Protein chains: 2
Amino acid sequence: MAYTEYFAPTHVYFGKETEYLAGKVLKEKGAKKVLLHYGSGSAEKSGLLGIIRKSLEENGIKFIELGGVRPNPRLTLARKGIEICKKEKIDFILAVGGGSVLDSAKCIGYGTPYDGDVWDFYCGKVVPQKRLPMGAVLTLSATGSEMSNSSVITNDEIYPNDKFGCNTNLGRPVFALLNPELTYSVSKYQTGSGSTDIMMHTIERFFHNGPELDFTDQIAASLLKTVIKNTEIALEKPDDYDARANLMWAGSLSHNGLTNMGFESGGDWACHRLEHELSAIYDVAHGAGLSAIWSSWARYVKATDPSRFAKLGKLVFGIEDKDADKAADKTIDAFENTFAGFGMPIRISGLGIDATDDVCRMLAEKASLKGAKTLGNFRVLETEDMYRIFKAAR
Amino acid sequence: MAYTEYFAPTHVYFGKETEYLAGKVLKEKGAKKVLLHYGSGSAEKSGLLGIIRKSLEENGIKFIELGGVRPNPRLTLARKGIEICKKEKIDFILAVGGGSVLDSAKCIGYGTPYDGDVWDFYCGKVVPQKRLPMGAVLTLSATGSEMSNSSVITNDEIYPNDKFGCNTNLGRPVFALLNPELTYSVSKYQTGSGSTDIMMHTIERFFHNGPELDFTDQIAASLLKTVIKNTEIALEKPDDYDARANLMWAGSLSHNGLTNMGFESGGDWACHRLEHELSAIYDVAHGAGLSAIWSSWARYVKATDPSRFAKLGKLVFGIEDKDADKAADKTIDAFENTFAGFGMPIRISGLGIDATDDVCRMLAEKASLKGAKTLGNFRVLETEDMYRIFKAAR
């Protein structure tokens, strides 16, 4: 029996100054004692943490703080959070930051009500059955972690060069406060990288091996057009509210399941897996890693179904060509140009990485667990395919 | 502080044969003893109820049945349901049918954990704080009640000619099983009426008095184009799976809040209120009532902001005209023609109602509670405006 689930229960509060709602919403959602989790400085400097602390105090919410989350978040810090939550009987987590802080909070949320080692969930040994509830105050439009079921962690203790994911419906935040103004200060590079990540969450879903639901394709195209148009505006004028608002909401919808509704497989996701090898070893920005690989992946798999690429190109860029193969080429070029226009690398060299033959071979071996697994489903990739894609992308 | 909430927690299972999941999903969501609530015959005849009964039995879910819901559902039957739920300690409701069955189930859900009279919630005296959880097996793409916060009830005891609503986040179903195949047997007239209702849930949201979020407008346009295209197919070929699938998912997204994201007011809704007067007295299909009124409303309010109509026309129909007023006229004509193409009336006379001056006056007086309230916010309507719109629409 083939069906798709759509489950996006996160209660979103969207608009200016929504961070001021933190205490009130936590109270409504039943929080009594909160772990306030954040990154390494900017939320403090901007005054955001001050606003949130005050809001919590005014609503009688007790809280303990744990900052210091880095991009590509580490297990060590999450373990510290779990220890605090267990000891202090924390009943809710509030993550303030971008996707890394949210993912770290998800890991803490899984680990706290669990007697074993939280790593069990990420290495795939155990499926989590409980999670401490969490909310988010988002400061970056990118990963969509604020509504997604995903979390990605680097186990810096034993696998410092690998990223592991835990994707369950329990991972979806209870609420998210989305104030586009909080992203005004995001740099051009991080804006471009974030927008690429947003687009890739929908592009990965667009390519799959099942029947399509046209309405979902139409929504996907609306989302991609929205991101392209508004990234250009935000890069030019970082404090354009409308542009930041469109990007922020696109980020949430791109990864909450909406753009794979009706597709049984949920998408291809090979590029994400290939990119995780890059960002785990070289600590590059996820979006930049994705743009460095995507067009090489696309040209490699295009022949599987050029008409799918053609449909995407027509919907997003208005590309018309009776020859599906040519339309597919034009579509791939158009996305490549778009990412380049965002200031993103479109080859691995643009990340400052010297991808020698040996490096490409090593990345492919890692991505396939030495041939133990394939990637993707639009076109299933073996180790040799991955190697060729890395080589083409270098 | 101005913000929009988006909260659509319903867990959707979408695809062929999803009705077979009923027992399994109820069990996962914690149900032990269920009220199986449905309409007046078709679900029994088609074998759907048999499938669901078997699924419940196989999963050890006890259940008691209450059928007989009519279109424009009545309070009397809901009261009977509340009595059964209280007496039998029912902990979950499963609604099998279209919007009327779902709305009746919502009313029962509100009334069961409440010591007072459930009517308190619909007449606006009390805001509900609890609700028995409910799930839905949908058989009609129309009202969007499967993900919406809305429910509408007719109090046949004291106000047989009025419809009352209770809209709270508690009203959103816990889960919905959406199998497009179950709508193959929907008649041409009900298909056209359902599609009109779906479109109107988004059109009403498109017109508002606040700033717009372009991404939401783009999604709205995708939804409207999807419904127009697929209704034409479904009217021609009632068992076209893709057409029915696109319509079903459009129905859910049209009323779950997605198409007013970023708009503080949530939309205009004057046409819905005006139509409720028609369907409460004359028991017409809701979608048919909406199409009978909409273009007259649109022409009446157009001058408030013709550019908003022009934007909608451009996005949905590709209408281009530098003169916003002319573009607005073309847009209204295009929607009128669309509804007519669905086999829907575009005037009140098409509903078989003789809307004399006195009738129009009476409807306007009812809609405004004798001048006590206005309708809409794109353009605020007084009693006299309502009267003129009814007159123009007759």
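Residues numbered from 1 in each chain as written. Chains lettered and ligands numbered in written order. Predicted model: local features only at pLDDT ≥ 70, side-chain atom pairs only at ≥ 80, totals over all residues.

Undergrad: Please provide a residue-by-residue account of the overall build of chain A, values included.
TA: Helix and strand counts for chain A stand at 15 helices and 8 strands. Overall, chain A is about 65 × 45 × 45 Å in size when its C-alpha atoms are taken along their principal axes. Put simply, chain A has 394 residues, and 57% of those count as buried. In chain A, once contacts between residues fewer than 6 apart in sequence are set aside, the share between residues at least 24 apart is 77%. (Helix = DSSP H or I, 4+ residues; strand = E, 2+ residues; numbered from the N terminus. Buried ≥ 20, exposed ≤ 12 C-beta atoms within 10 Å, placed from the backbone. Contact = placed C-beta atoms within 7 Å.)

Undergrad: Which residues make up the nonpolar core, and what are the values?
TA: Within the largest apolar cluster, 257 residues are counted, with the highest numbers of intra-cluster contacts made by V34, I93 and V96 of chain A together with V34, I93 and V96 of chain B. If we skip the residues at most four places from it in the chain, I93 of chain B touches V34, L35, H37, A105, I108, G109, L132 and M134 of chain B. (Core = buried A, V, L, I, M, F, W, Y, C linked by C-beta atoms within 7 Å.)

Undergrad: Describe unusual backbone geometry, naming the residues involved and giving the relevant values.
TA: Unusually for a residue other than glycine, D283 of chain A sits at a positive phi of about 55 degrees. Turning to its location among the elements, D283 of chain A is positioned in the loop between α10 (270-282) and α11 (286-301).

Undergrad: Tell me about the interface of chain A and chain B, residues and numbers included.
TA: The interface is formed by 33 residues belonging to chain A together with 33 residues belonging to chain B. Every element with two or more residues in the side of chain A that touches chain B is listed here: β1 (4-14), α8 (214-236) and α9 (241-254) of chain A. Examining the composition of the side of chain A that touches chain B, we find that 10 residues originate from one element, β1 of chain A, more than from any other. Residues of the side of chain A that touches chain B, tallied by class, amount to 18 nonpolar, 9 polar and 6 charged. Judged from the 7 bridges that link them, β1 of chain A and strand β1 (residues 4-14) of chain B form a sheet pairing that is antiparallel. (Nonpolar A, V, L, I, M, F, W, Y, C, P; charged D, E, K, R; others polar. Pairing = 2+ DSSP bridges.)

Undergrad: Outline the relation of the copies chain A and chain B, supporting the account with residue identities and numerical values.
TA: Superposition record for chain A on chain B: RMSD 0.0 Å, screw rotation 180 degrees, translation along axis 0.0 Å. The transformation just described matches what one would write down for a two-fold rotation axis. Taking C-alpha positions as the reference, the residue of chain A nearest the rotation axis is P9 of chain A, at 1.8 Å. When the interface residues of chain A are mapped onto chain B, 100% of them are again interface residues, pointing to one common binding face. (Least-squares fit on C-alpha atoms with pLDDT ≥ 70 in both.)

Undergrad: Describe in detail the domain arrangement of chain A, supporting the description with residues and values.
TA: All names here are of chain A. For chain A, the domain assignment lists domain 1 (11-183) and domain 2 (188-393). A C-alpha centroid distance of 27 Å is found between domain 1 and domain 2. Every contact between the two is made by 19 residues of domain 1 and, on the other side, 22 residues of domain 2. The residue inventory of the side of domain 1 that touches domain 2, partitioned by class, reads 7 nonpolar, 8 polar and 4 charged. (Domains from an automatic or database assignment.)

Undergrad: Outline helix α3 (residues 48-58) of chain B, listing residues and values.
TA: Residue and element names in this part refer to chain B. Listed in full, the buried residues belonging to α3 are L48, L49, I52, S55 and L56. Buried residues in α3, looked at end-on, bunch into an arc of 125 degrees, giving them a common side. In α3, the exposed positions that point more than 90 degrees away from the buried face belong to G50 and E57. Looking at the buried side of α3, the elements it contacts are α1 (22-28), β2 (33-38), α2 (42-45), β3 (62-66), β4 (92-97) and β5 (134-138). (Arc of directions from axis to C-beta.)

Undergrad: Before we move on, could you go through helix α7 (residues 188-206) of chain B and cite the residues and values that matter?
TA: Between the first and last C-alpha of α7 of chain B there are 27 Å, a value that for 19 residues agrees with the 27 Å anticipated at 1.5 Å per step. Across the 19 residues of α7 of chain B, 16 count as buried, placing the element largely inside the fold. (Expected span 1.5 Å × (residues − 1).)

Undergrad: How would you explain the sheet that holds strand β4 (residues 92-97) of chain A if you had to name every residue and give the values?
TA: Spatial strand order, β3(A)-β2(A)-β4(A)-β5(A)-β8(A)-β1(A)-β1(B)-β8(B)-β5(B)-β4(B)-β2(B)-β3(B): 12 strands in an open sheet with mixed pairing. Every other strand in the sheet has two partners, leaving β3 (62-66) of chain A together with β3 of chain B as the edge strands with one partner each. Each neighbouring strand pair of the sheet contributes to a mean axis angle of 25 degrees, computed without reference to strand direction. Direction of pairing for β2 of chain B relative to β4 of chain B: parallel, over a ladder of 5 bridges. (Axes fitted to C-alpha atoms, helices over the stretch in contact; angles between N-to-C directions.)

Undergrad: Let's hear about the pairing of strand β8 (residues 175-178) of chain B: which residues, and what values?
TA: Residue and element names in this part refer to chain B. Taking every second residue as pointing to the same face, both faces of β8 are buried, with F175 and L177 on one and A176 and L178 on the other. In terms of strand pairing, β1 meets β8 through 4 bridges, oriented parallel. Residue Y13 lies in a different strand from β8, and its bridge partner there is L177. Pairing between β5 and β8: 3 bridges, direction parallel.

Undergrad: Can you tell me about the confidence of the model for chain A, naming the residues and giving the values?
TA: With 100% of its residues at a pLDDT of at least 70, chain A reaches an overall mean of 96. Confidence estimates for the predicted assembly give a pTM of 0.96 and an ipTM of 0.95. (pLDDT = per-residue confidence, 0-100.)

Undergrad: Quick one: what's the story with the environment of L223 of chain B, residue by residue and with numbers?
TA: All names here are of chain B. Looking at the secondary structure, you find L223 in helix α8 (residues 214-236). Classification of L223 by C-beta neighbours within 10 Å gives buried; the count is 28. The spatial distance from the C-alpha of L223 to the C-alpha of A327 is 21 Å, given a sequence separation of 104 residues. Setting aside residues no more than four positions away along its own chain, L223 makes contact with T202, A250, L253, S254 and T259.

Undergrad: Which residues make up the environment of H286 of chain A, and what are the values?
TA: All names here are of chain A. Along the chain, the position of H286 falls in helix α11. A C-alpha to C-alpha distance of 7.1 Å links H286 and S193, two positions 93 residues apart in sequence. Ignoring any residue separated from it by four or fewer positions in sequence, one finds H286 in contact with S193, D197, E275 and S279.

Undergrad: Explain the packing of helix α7 (residues 188-206) of chain A against α11 of chain A to me, using residue names and the numbers behind them.
TA: Residues and elements named next belong to chain A. Contact geometry of α7 with α11 gives a least axis separation of 7 Å together with a crossing angle of 60 degrees. With respect to each other, α7 and α11 are oriented oblique. With respect to the hand of their crossing, α7 and α11 are arranged in left-handed fashion. Of the residues in α11, those in contact with S193, G194, T196, D197 and M200 of α7 are H286, G287, A288, L290, S291 and W294. Tallied by class, residues from the contact of α7 with α11 come to 4 nonpolar, 6 polar and 1 charged. (Parallel < 35°, antiparallel > 145°, perpendicular 65-115°, else oblique. Left-handed = near helix turned anticlockwise from the far one by under 90°.)

Undergrad: Can you break down the environment of L56 of chain A residue by residue, with the values?
TA: Residue and element names in this part refer to chain A. By the element assignment, L56 lies in helix α3 (residues 48-58). Once the C-alpha coordinates of L56 and V34 are considered, the two residues, 22 residues apart in sequence, prove to be 9.1 Å apart. In contact with L56, other than residues within four places in its own chain, are A22, G23, L26, V34, I61 and F63.

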